[in-house]
Amino acid sequence: MALPRQITLFLVIGAAQLALDTAVYIGLTAAGLPVVWGNLAGRVAGACLGFWLNGRYTFADPQGKSRVQRRNMVRFVIAWLLMTAFTGLLLDWVADTFSLQGSWLAKPLVELATAGISFVVWRQWVYR
């Protein structure tokens, strides 16, 4: 699949993931869940959606066959855990330094900032 099409699909799917992730994060932290756990829950929700959609459509093999397989899932989980730890620590710092509401504003920005890294890792390692 051509790189521009992959990037476009990744961004569209990523927007859906970001909306779900951010909504879960804000809802749970507003209800009193600590920032790190709220971020984890939001990212799990987004990851479930994104792993399947990206494996099925964005990074399907040249014949259009899905790459949603055990080997891809293991790689995805490893990369996802590292990215989640990074974003969780960053959002926790924002909440401690500024405010919980500041972390709500920062959440989409943090996720957007890591999207480029995610695309490269997913394309070159996870879905290979």
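Look up: the structure comes first, before these words.
The structure reproduced in this document is the subject of the present report. (Residues numbered from 1 in each chain as written. Predicted model: local features only at pLDDT ≥ 70, side-chain atom pairs only at ≥ 80, totals over all residues. Heavy atoms only, no water.)

## Side note on the overall build of the protein chain
Then, in step 1: Check the secondary structure of the protein chain and you find four helices and zero strands.
Then, in step 2: Traced from its N-terminal end to its C-terminal end, the protein chain shows the element sequence α-α-α-α.
Then, in step 3: A principal-axis box enclosing the C-alpha atoms of the protein chain has dimensions of 50 × 25 × 20 Å.
Then, in step 4: Across the 128 residues of the protein chain, 39% fall into the buried class.
Then, in step 5: Restricting to contacts in the protein chain with at least 6 residues of sequence separation, those with at least 24 account for 72%.
Then, in step 6: Counting every atom, the protein chain has about 7000 Å² of accessible surface; 72% of that belongs to carbon and sulfur.
Then, in step 7: Taken together, the 11 basic and 5 acidic charged side chains of the protein chain have centroids lying 18 Å from each other. (Helix = DSSP H or I, 4+ residues; strand = E, 2+ residues; numbered from the N terminus. Buried < 20%, exposed > 50% of the residue type's maximum accessible area, 1.4 Å probe, protein only. Contact = heavy atoms within 4.5 Å. Areas by Shrake-Rupley, 256 points an atom, 1.4 Å probe, with all protein chains shown as cover. Lys, Arg positive; Asp, Glu negative; His and termini not counted. Charge placed at Lys NZ, Arg CZ, Asp CG, Glu CD.)

## Here's the deal with the packing of helix 2 (residues 35–58) against helix 3 (residues 70–97)
Then, in step 1: Here helix 2 crosses helix 3 at 145 degrees, and the two axes come no closer than 9 Å. With respect to the hand of their crossing, helix 2 and helix 3 are arranged in right-handed fashion. Listed contacts from helix 3 to Val35, Val36, Asn39, Leu40, Arg43, Val44, Ala47 and Phe51 of helix 2 are Asn72, Met73, Phe76, Trp80, Met83, Thr84, Thr87, Gly88, Leu91, Asp92 and Ala95.
Then, in step 2: Residue composition of the contact of helix 2 with helix 3, by class: twelve nonpolar, five polar and two charged. (Axes fitted to C-alpha atoms, helices over the stretch in contact; angles between N-to-C directions. Left-handed = near helix turned anticlockwise from the far one by under 90°. Nonpolar A, V, L, I, M, F, W, Y, C, P; charged D, E, K, R; others polar.)

## A few points about a nonpolar patch on the surface
Then, in step 1: On the surface, Leu28, Leu33, Val36 and Trp37 cluster together into a nonpolar patch covering about 340 Å² of accessible area.
Then, in step 2: Residue placement: leucine 33 occurs in the loop between helix 1 (3–30) and helix 2. (Patch = residues over 30% accessible without salt bridge, like charges linked within 9 Å, V, L, I, M, F, W, Y side chains within 5 Å. Salt bridge = Lys/Arg side-chain N within 4 Å of Asp/Glu carboxyl O.)

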